[in-house]
Amino acid sequence: NVAVEYCLAQLSSMGEPDTKAFNIPNSDAYDEAKVEGLELPLYPRQAKALTRMLAIENGQVEFAEEERSEHTLPGIGWCLIGKATKCSKLRGGVLGDAIGSGK
């Protein structure tokens, strides 16, 4: 399901674009997974990351894709601004941790 929005803006009043803060998702809000049979226990951050990875694999994590486009309308001083948004199930990801933090 794709949501589409558009608007017209005068070029003289546009100024800087209104943007949202860029956030990198992490595992802080997840519970720690319990794993039996490991020689050494997982660190709390690793256990939370495991819970999040399992949620991703089970299709429980959504990702909002957003595409924006601006097109100047020559000769009239206006700009057409369009935005399309789609929520999808997150598929895959990158497991990153600081160097030397016990991966």
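Residues numbered from 1 in each chain as written. Predicted model: local features only at pLDDT ≥ 70, side-chain atom pairs only at ≥ 80, totals over all residues. Heavy atoms only, no water.

J.: Help me understand the pattern of salt bridges, please; the structure alone is not making it clear to me.
T.: Oppositely charged side chains are able to pair whenever their charged atoms sit close together. All told, the structure shown has three salt bridges when counted by the stated rule. Here Lys 83 ties to Glu 5 by a salt bridge, and the two come within 3.7 Å at their closest N and O atoms. Placement of Lys 83 in strand S3 (residues 78–89) and of Glu 5 in strand S1 (residues 2–10) is noted, with a sequence separation of 78 residues between them. A salt bridge links Glu 62 to Lys 89, with the nearest nitrogen and oxygen atoms 3.5 Å apart. Within this pair, whereas Glu 62 is found in strand S2 (residues 62–73), its partner Lys 89 is found in strand S3, the two being separated by 27 residues in sequence. (Salt bridge = Lys/Arg side-chain N within 4 Å of Asp/Glu carboxyl O. Helix = DSSP H or I, 4+ residues; strand = E, 2+ residues; numbered from the N terminus.)

J.: Looking at this structure, how should I read the layout of surface pockets?
T.: Any empty space left between the atoms is revealed when a probe the size of a water molecule rolls over them. Size it by volume and the second largest pocket reaches roughly 680 Å³. Along its surface, the second largest pocket is lined by 24 residues, and Ser 27, Ala 49, Val 94, Leu 95 and Gly 96 are the ones closest to its centre. The leading source of residues in the lining of the second largest pocket is helix H1 (residues 44–57), at nine residues. (1 Å grid on protein atoms, 1.4 Å probe; cavity = no way out; pocket = protein on both sides within 12 Å on 5 of 7 lines; lining within 4 Å. Points joined across faces, edges and corners; volume = space filled by probe spheres on them.)

J.: Before we go on, may I ask you to explain the sheet that holds S2 in this structure?
T.: What links the strands of a sheet is backbone hydrogen bonding, and the strands pair in either a parallel or an antiparallel sense. Here we have three strands laid out as an open sheet, ordered S1-S3-S2, and antiparallel in their pairing. Pairing within the sheet leaves two strands with one partner each, and these edge strands are S1 and S2. On average, each strand axis in the sheet is inclined to that of its neighbour by 15°, with strand direction left out of account. (Pairing = 2+ DSSP bridges. Axes fitted to C-alpha atoms, helices over the stretch in contact; angles between N-to-C directions.)

J.: Explain the pairing of S3 here, please?
T.: Put simply, side chains in a regular strand alternate between the two faces of the sheet. Sheet topology places S1 next to S3; nine bridges connect them, and they run antiparallel. In the strand pairing of S3, Ala 9 is matched with Cys 79. Pairing between S2 and S3: twelve bridges, direction antiparallel. Across the sheet, residue Arg 68 finds its bridge partner in S3, namely Lys 83. Connecting S2 to the next strand, S3, in antiparallel fashion are four residues, including Gly 75 with a positive phi near 85°.

Treat this as a map of the structure, not an account of what it does.
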